Amino acid sequence: MTVKGTGSSRSGKRKATRRELLRCYREMLLIRRFEEKAGQLYGMGLIGGFCHLYIGQEAVVVGIQSVARPEDTCITGYRDHGHMLACGMDPKGVMAELTGRASGFSRGKGGSMHIFSREKNFLGGHGIVAAQVPLGAGLALAARYRGEKSVSFTYFGDGAANQGQVYETFNMASLWKLPVVFVIENNQYAMGTSLERASSTPELYARGQAFAIPGESVDGMDVLAVRDAGRKAARHCRSGKGPYILEMLTYRYRGHSMSDPAKYRTREEVQAIRRTRDPIEHTRNDMLARELVDESEIREIDTEVREIINHAADFARTEPEPDDSELSTDILREPVPRP
C-alpha cells in the first residue's frame, strides 16, 4: 500500500508566505503532539472507551481549515481531535473531554468521539460511520435557507464512502445546490481493510459524477496542495454552484483505534511513508531549504507546542469529573401520554 503522489514535497513550488508556512507547521505539530499525548493517557487508563488518533493525517484538516471562514461549519466522524484543534478549540478543553472531566467541551459526557463547540462551529465528532455526511448537508441547507454564504466542510473516510447514506446525500446536495465541501480522508484503510479490497472504484472523488458533483484527488500529505484545493472548492460552493468533492490521499500511522494492533500492514510500509511523505517533516524541510526559518526557530516552536500539550494533559488529569446530576441533562424526553 502506498500513498499516491510524488515522493517529495511540492510545497516549495506553491505560493505561501513565511507566516502561512509557520502557522501550518505549528498547527500540524500541535495536532501531532496532542495525539501522541492522548495515546499515552489512554495507555495509562485515563481515557476510556474508544480513541482514534489522527497521526499522519494532519495536513488535511490544517490545509482545509486554513481557508475556512469563522461562519463556516466543520463536521466529521470519530477521528476528530485534529479537527477540533484546527478549528481553534482549546487543547485543555479537548483533552479534558477525552478524560471525562466536567471542564471538557461536552462536560465530560461525550468522550473522544462526541465533542461539540458551537462557538467554533464544530458540530462533532460522530461515532456512527458516515452519520455526519447527511448532517453536513443539513448544515449547508440551513445556511442557504438563512441566506448566508457559509460553507459546510464535511469530513469522512474511505470506509464511510461505501455507506449508502453518502449517495443519498450526494443526490440531494446536488439537486438543491448546497454549499457543502465533501472531504474524503482516504487514509488507505477502512478499519483493517485496504481500499483495493473494499472499493471497486479506487478514485473515490469520481463517485460524485453520477450526481453532477465535480471533484478532484489531492495530495493529502502536502498542506499547501490541500489549502489550494480547499480554496477552490470553497469558492465553488460560495458562488452558488453546489457541492464539491475533495479526495485527500493521506495515511494514518497508528491503528484504526488504540485497540488495533494493525497487523494487516507491515511495519516497513508505515516506516516508508513516515520517511518519504510525512507532512510535518516536509513543511519543516521546505522552510529550512528556502531559508525562511532556522533550526533555532523550529526548536522554539517545538518547545512551545510541547508546553501547551503538557499543560493540557495536566489540566485533564486534575479537573473534577461531572456531577451525578449531569446524567439527566442534555437528554430529550418526550412526554408520556396519559391513558
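Treat the numbers as computed from the prediction; the structure is a model and nothing was measured. (Residues numbered from 1 in each chain as written. Predicted model: local features only at pLDDT ≥ 70, side-chain atom pairs only at ≥ 80, totals over all residues. Heavy atoms only, no water.)

(A) Broad picture of the pairing of strand β7 (residues 244-249). By the criterion of burial, β7 is predominantly enclosed, with 6 of the 6 residues buried. Along β7, one buried face is formed by Tyr244, Leu246 and Met248 and the opposite face, lined by Ile245, Glu247 and Leu249, is buried too. Examined bridge by bridge, strand β3 (residues 180-186) and β7 share 6 bridges and lie parallel to one another. Bridge pairing in β7 links Asn186 to Leu249. Direction of pairing for strand β6 (residues 215-219) relative to β7: parallel, over a ladder of 5 bridges. Across the sheet, Ser217 pairs through a bridge with Glu247, a residue of β7. Regarding topology, helix α8 (residues 223-238) serves as the crossover connection from β6 to the parallel β7, and that connection is right-handed. (Buried < 20%, exposed > 50% of the residue type's maximum accessible area, 1.4 Å probe, protein only. Helix = DSSP H or I, 4+ residues; strand = E, 2+ residues; numbered from the N terminus. Pairing = 2+ DSSP bridges. Right-handed = clockwise from strand over helix to strand, strands pointing away.)

(B) Representation of α8 in the model. For α8, which comprises 16 residues, the first-to-last C-alpha distance of 22 Å matches the rise-based estimate of 22 Å (1.5 Å per residue) to within 8%. Of all the 16 residues making up α8, 12 are buried; the element is thus mostly covered by neighbouring parts of the structure. Taken together, the buried positions of α8 are Val223, Leu224, Ala225, Val226, Arg227, Ala229, Gly230, Ala233, Ala234, His236, Cys237 and Arg238. Looking at where α8 begins, the residue whose side-chain oxygen comes 3.1 Å from the main-chain nitrogen of Leu224 is Asp222. Where α8 ends, the next residue or the one after it, Gly240, has phi of about 90°, a positive value. (Expected span 1.5 Å × (residues − 1). Polar contact = N/O pair within 3.5 Å; in protein donor to acceptor, adjacent residues only side chain to side chain.)

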